[in-house]
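Next come the chains, spelled out residue by residue.
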Amino acid sequence: MVPRRQRRWNVLALVAVLLALLMVLFSLGQIEIHGVESRDFLRLASSPRALTTGGAAGSAPVTAVLRGDRLSPAEEEGDQRDLEAARYKVYVGVYSTNNYNLDLRVPSYAGSGYVWMNWDGAMQRYLEQSSVAINQLVVPLNLLGAPVQEALQPVGDKPIALPGDRYYQLFSFQGSFYIDNINFRRFPFLQLGLPMVLEVNDPDGELGYGNLRLLPDVKDSGMGVYADIIGWLNLGWSIAEYRHHYATNFGLGGAENDYSQVVFDLSYGTSAWSSFWRLLLPLIVVMAMVLLVFKLRTDLQDVRSSIPVTILLTLVFLQQAYRSSLPDLPYLTFLDQVYVVAYVLTLIAFVLVIWIGKRYADLEALEPGEQRQLQQARLQRLDEVWPLTVVFVATLAIGVCWLSIPSG
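None of these values were measured; they are calculated from a predicted model.

A.B. asks: Honestly, the overall build of the protein in this entry has me stumped. Any pointers?
C.D. replies: Of the regular secondary structure elements, the protein holds eight helices and 15 strands. Here the protein holds 408 residues, and the buried ones make up 39% of them. The long-range share in the protein, meaning contacts at least 24 apart out of those at least 6 apart in sequence, stands at 73%. Surface summary for the protein: the accessible area is close to 23,100 Å², and the carbon and sulfur share equals 61%.

Take a look at the structure:
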């Protein structure tokens, strides 16, 4: 039997731990800060678009990353009227030939390919009057480390005149691009879009959303054979026009500005099987040792107590290994939550090992009899129940973690 004084101290220790945990949670709630959302936003325009990328044969298509909100039916009708009334319309196509250097820590990627534009005589006269080239007006907004005006290099000396008072010019591009819309909450089961964002670089405030629309060339845009990235599954591409609202008028006076924007997205995803074998299987093997702690003989108390400590150190190294490829996130990924469950179970296992070892030591001091047999049966039952309890609790906790991931 546990002495009454010892039992009282155990209860006091448990209460102290709970109070410390509550104080920590309260303190974190007081110092936690919340980011301010930008007043800039995107709305999906009503112009033709391709927002569904190809999937594997016989599987459902993969929906591309949607930025902003869709327009309501009434808003789409109004946007169509605005499109018809726009003074200038430039058709934009993108063909990606090569993608590489995907860096999730920034996040960014490097890519190259071609962009072409097709515009009418009204736009051409504006360009001539303003003494600017079309690639100085339509620029990649998410380009990193280089002037956007130099990103699109003309293929040929000047635009080609087409029948029907239209003009065409082809450009090549190469550079690093920022990935603006990526969600790591389901890591390591990821889907991401590598965007190239083309938007109007308005020099005089006359090329807002109501005057100039960038319309995606859905038919001829696409991606080449070298656009694959090693380690990622190619899910296809998408292209769409958005209405980009800026929370400023750039000092020109009047209302806040809106501009037309075309987003060309290359969709990639991780293999669920590969992610499981690389990141989850080692964790499962390590946690299997927690199940076996109480299967060791009770006289090997030193070995039993050292196993949870070794497992804890192994968990730390495993987590640091995969976290090094990710940016510092303000939330926990799915794999982070799985590791939290593993940490908690390992801590419980260590506490139980110490507690059971103490009970076995007290058991040796008891006289042979019914009380000793009853106490020994309880400890043996705990050794038998522990593996099933770990499996049940871990499965339930991980399921809750997956189901609680916010959508989007």
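Let us keep going from here.
A.B. asks: What is the right way to look at the packing of aromatic side chains in this model?
C.D. replies: The geometry of an aromatic ring pair is captured by the separation of the ring centres together with the interplanar angle, meaning the angle of the planes. Counted under the stated rule, the structure contains 14 aromatic pairs. Taking 5.8 Å as the distance between ring centres and 25 degrees as the angle between the ring planes, the aromatic pair formed by Phe187 and Tyr322 counts as stacked. Note that Phe187 is positioned in the loop between β10 (166-178) and β11 (191-200) and Tyr322 in helix α6 (residues 301-323), a separation of 135 residues in sequence. Overall, Tyr322 belongs to the buried group, its relative accessible area being 4%.

A.B. asks: Please clarify how a nonpolar patch on the surface should be interpreted in this entry.
C.D. replies: Among the surface-exposed residues, Val11, Val15, Leu19, Leu21, Leu22, Val24, Leu25, Leu28 and Ile31 lie close enough to one another that they form a single nonpolar patch of about 850 Å² accessible area. The residue Val24 is located in helix α1 (residues 4-31) in this model. For Val24, a relative accessible area of 45% corresponds to the partly exposed category.

A.B. asks: Explain helix α2 (residues 73-85) here, please?
C.D. replies: One turn of the α-helix equals 3.6 residues, which is why residues spaced by three or four share an orientation. A rise of 1.5 Å per residue sets the reference length of α2, with its 13 residues, at 18 Å; its end C-alpha atoms lie 19 Å apart and thus fit the reference within 8%. Buried within α2 we find Gly78, Asp79 and Leu83. Buried positions in α2, seen along its axis, are confined to an arc of 145 degrees and lie on one side of it. The exposed set on the far side of α2, more than 90 degrees from its buried face, consists of Pro73, Ala74, Glu77, Arg81, Glu84 and Ala85.

A.B. asks: Is there a simple way to explain the pairing of strand β5 (residues 108-120) in this structure?
C.D. replies: Note on strand geometry: in a regular strand, side chains alternate between the two faces of the sheet. Judged by how many residues are buried, β5 sits mostly within the fold: eleven of 13 residues are covered. Two strands pair when backbone bridges link them, and strand β4 (residues 88-103) and β5 are joined in this way by eleven bridges, in the antiparallel orientation. Across the sheet, Asp103 pairs through a bridge with Ser108, a residue of β5. Counting the residues that bridge the hairpin from β4 to β5 gives four residues.

A.B. asks: So what exactly am I meant to see when it comes to the nonpolar core here?
C.D. replies: The nonpolar side chains of a soluble globular protein tend to be buried with one another. Judged by nonpolar contacts, the single largest core of 77 residues is most densely connected at Val90, Val115, Met117, Met123, Met196 and Tyr268. When residues in this core are grouped by element, the largest group, eleven residues, is from helix α7 (residues 334-365). Apart from the residues within four sequence positions on either side, Met196 is in contact with Val94, Tyr109, Val115, Pro140, Asn142, Leu152, Phe173, Phe177, Val262, Val263 and Phe264. Ranked by size, the runner-up nonpolar core spans seven residues in total, among them Leu42, Leu51, Ala240 and Val263.

A.B. asks: What should I look at first to understand the environment of Ser305 in this one?
C.D. replies: Within the fold, Ser305 resides in helix α6. The buried category is assigned to Ser305, whose relative accessible area is 17%. In the structure, Ser305 is positioned 52 residues away from Gly357 in sequence and 8.8 Å away in space, judged by C-alpha atoms. Apart from residues lying up to four places away in sequence, Ser305 is in contact with Phe350, Val353 and Ile354.

Reading the values: the criteria
- Residues numbered from 1 in each chain as written.
- Predicted model: local features only at pLDDT ≥ 70, side-chain atom pairs only at ≥ 80, totals over all residues.
- Heavy atoms only, no water.
- Helix = DSSP H or I, 4+ residues; strand = E, 2+ residues; numbered from the N terminus.
- Buried < 20%, exposed > 50% of the residue type's maximum accessible area, 1.4 Å probe, protein only.
- Contact = heavy atoms within 4.5 Å.
- Areas by Shrake-Rupley, 256 points an atom, 1.4 Å probe, with all protein chains shown as cover.
- Phe/Tyr/Trp six-rings, centres within 6.5 Å; stacked < 30°, edge-to-face > 60°.
- Patch = residues over 30% accessible without salt bridge, like charges linked within 9 Å, V, L, I, M, F, W, Y side chains within 5 Å.
- Salt bridge = Lys/Arg side-chain N within 4 Å of Asp/Glu carboxyl O.
- Expected span 1.5 Å × (residues − 1).
- Arc of directions from axis to C-beta.
- Pairing = 2+ DSSP bridges.
- Core = buried A, V, L, I, M, F, W, Y, C linked by side-chain atoms within 4.5 Å.

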